[in-house]
Amino acid sequence: MTLRELPAEEILRRLSGTGLRLRTGPFTYSIAGDCPGQAKALGTLYADFPLAEEDGFIDFHVRVARRRLPRRPLRALACVEIDGVTRFGPFPSAAAMLNFEWALNWCVSRHAHQYLILHAATMERNGRALLVPGWAGTGKSTLAAVLAVRGWRLLSDEMALVSCADGSATPLARPVCLKNRSIALLKELAPAWPCSAPAEVEGEGQVLHMQPPAESVARMDERAMPAALAFVAHRRDAPTALAPLSKTDAMLQAIPCCFNYKALGEAGFDALTRLVERCPAFRLTYRDAVEAARTVEGLS
Amino acid sequence: MAVTTGPGAAGPVAGSGQRWRVRPGPPLRWQSWDDHSFVFDPVSGDTHFLDAAAAEALRCLEGGAVLGRSELARALLQRLELGSAEANVDRYVGEFITRCERLGIIEADVDAA
């Protein structure tokens, strides 16, 4: 059963009760909360995700809770609790979904050390996964969104989970976070694509999440082998260019993009050197994400 | 993570009377591409980035070798197939020893002192 099949009032009931149990890739979350708009946003963004069994194991309990500060009683604030501990916030409740998504990422990056975790979008076509490493603001989510609209399978827009055992990439297939000009681009390319309501977030501008493609969610148990690395940089003043990177430069750029390279020790070194050895690497500079997507499609 | 770009930066030059070896414990892990190497040290958990000369110098000290500074300089000259006129090698080796000792990759052989 998917979330789409659950009536809106039942989503609300579970959120305010024992939790809405959802699975994204290998992780099962129990989601609770009382933030206005949370149920609707979840219903939109996670419509195609499977509900987890009521008596099954939960990896993370995540709760988005409203907060009132005594000194600012009229300001709508919220925080995110993970396994009963407040980890994010308080923040304006308009930023609840943004923080909720960060919280889910936090759960994975702090606990899933069976994987080498890179801050990278991961997309797949014809069985070949493209990893796009880069920190916030480099344009990896925008590129991931455009590739998803063009039919690529979305494994993740934020985190590449590379198996330390066999080097494969494990999907999360979660919503893609878009900001400002990237939102306008998505509306232009796919006006009817389901998204959460845009929110004005201090320091970020306008933010929304894009529903992952239904096929990507349906195939979220299907791993893919990484076939290329594209270190991306969005530059408004530079033409789109794809330049080969040496293995040495790829390794030097990949290490700082890892969440848990140091924590993994020798297993991290093995996993990352295997990844770099296996994949041709490129530096992708772009100002136009559609042009960048076409360029990337020329790789496969 | 510590990434080291060769011995490069000048520091105190290691004493010429001492002998040096790779620190005891689990062996270093290597990955070399072109003229550069990444060396993972399982003891510290650090990854070091070495140029070709530094990589050769470190390899001279692997496998139980214990070398003094001048011996290491001679071995490096041989490995790099440089002429004996390369006087800079001695200074280079001194800086290499200082840097690698600071990083815990090599240590003075107290038994030989």
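What counts and how
Residues numbered from 1 in each chain as written. Chains lettered and ligands numbered in written order. Predicted model: local features only at pLDDT ≥ 70, side-chain atom pairs only at ≥ 80, totals over all residues. Heavy atoms only, no water. Helix = DSSP H or I, 4+ residues; strand = E, 2+ residues; numbered from the N terminus. Buried < 20%, exposed > 50% of the residue type's maximum accessible area, 1.4 Å probe, protein only. Areas by Shrake-Rupley, 256 points an atom, 1.4 Å probe, with all protein chains shown as cover. Pairing = 2+ DSSP bridges. Arc of directions from axis to C-beta. Contact = heavy atoms within 4.5 Å. Buried area = accessible area lost by both parts, 1.4 Å probe. Salt bridge = Lys/Arg side-chain N within 4 Å of Asp/Glu carboxyl O. Polar contact = N/O pair within 3.5 Å; in protein donor to acceptor, adjacent residues only side chain to side chain. Axes fitted to C-alpha atoms, helices over the stretch in contact; angles between N-to-C directions. Core = buried A, V, L, I, M, F, W, Y, C linked by side-chain atoms within 4.5 Å.

**Student:** Break down the overall build of chain B for me, citing the residues and quoting the values.
**Tutor:** Broken down by element type, chain B carries three helices and six strands. The order of helices and strands in chain B, counted from the N terminus, is β-β-β-β-α-β-α-α-β. A total of 113 residues make up chain B; the buried ones form 45% of that total. A total of about 5500 Å² of accessible surface is found on chain B, and carbon and sulfur atoms cover 49% of it.

**Student:** Got a sec to walk through the sheet that holds strand S6 (residues 106-108) of chain B? Specific residues and values, please.
**Tutor:** Residue and element names in this part refer to chain B. A sheet is described by the order of its strands in space; here three strands give the open sequence S5-S1-S6, paired in antiparallel fashion. The outermost strands of the open sheet, each flanked by one partner alone, are strand S5 (67-68) and S6. Of the strand pairs in this sheet, strand S1 (residues 19-22) and S6 are connected by three bridges, and their pairing is antiparallel. Pairing of Arg21 across the sheet is with Glu107, part of S6.

**Student:** Describe the pairing of strand S7 (residues 128-133) of chain A, with residues and values.
**Tutor:** Every other side chain in a regular strand lies on the same face of the sheet, so the side chains alternate between the two faces. Residue and element names in this part refer to chain A. Here S7 lies mainly inside the structure; five of its six residues are buried. As paired strands, strand S6 (residues 115-125) and S7 are joined by six bridges and run antiparallel to one another. From the neighbouring strand, Arg125 faces S7, where its bridge partner is Arg128. Turn length for the S6-S7 hairpin, with the two strands adjacent in sequence and antiparallel, is two residues, and the turn residue Asn126 shows positive phi of about 55°.

**Student:** Outline helix H1 (residues 8-16) of chain A, supporting the account with residue identities and numerical values.
**Tutor:** Residue and element names in this part refer to chain A. All of the buried residues along H1 are Glu10, Ile11, Arg14 and Leu15. Seen from one end, H1 has its buried residues packed into an arc of 135°, which puts them on one side. Every exposed residue of H1 that faces more than 90 degrees away from the buried side is listed here: Ala8, Glu9, Leu12, Arg13 and Ser16. Structurally, H1 contributes buried residues whose contacts are with strand S1 (20-24), strand S2 (27-33) and helix H2 (38-45).

**Student:** Break down the interface of chain A and chain B for me, citing the residues and quoting the values.
**Tutor:** Across the contact, 15 residues belong to chain A and 16 residues belong to chain B. Here chain A packs against chain B, burying approximately 1400 Å² in sum over the two surfaces, 66% of which is carbon and sulfur. It is A:Thr248, A:Lys262 and A:Phe269 in chain A that bury the most area against chain B; as a group they hold 39% of the surface buried on that side. In this assembly, chain A and chain B are joined by three salt bridges. Here chain A and chain B share eight residue pairs in polar contact (both at pLDDT 80 or more) between them.

**Student:** Account for the sheet that holds strand S2 (residues 29-33) of chain B, naming residues and giving values.
**Tutor:** Strands sit in the order S2-S3-S4 (chain B) across an open sheet of three strands; the sheet is antiparallel. Strands with a single pairing partner mark the edges of an open sheet, and in this sheet they are S2 and strand S4 (46-50) of chain B. Averaged over all neighbouring strand pairs, the angle between strand axes comes to 20°, with direction disregarded. Pairing of strand S3 (residues 36-41) of chain B with S4(B), which is carried by five bridges, proceeds in the antiparallel orientation. Following the sheet pairing, B:Phe38 is matched in S4(B) by B:Phe49. Lying over the sheet, helix H7 (residues 247-254) of chain A contacts S2, S3 and S4 of chain B, oriented at roughly 40° with respect to S3(B).

**Student:** For the nonpolar core, give the residues involved together with the corresponding values.
**Tutor:** Residues and elements named next belong to chain A. In terms of nonpolar packing, the biggest core is built from 48 residues, with Leu20, Phe27, Tyr29, Tyr46 and Phe100 touching the most fellow members. At nine residues, helix H3 (residues 96-111) tops the list of elements feeding residues into this core. Setting aside chain neighbours within four positions, we find Leu20 in contact with Leu3, Leu6, Ile11, Arg14, Leu15, Tyr29, Ser30, Ile31, Leu42 and Leu51. Grouped together as the second largest cluster of nonpolar side chains are 32 residues, Leu147, Ala148, Ala230 and Val290 included.

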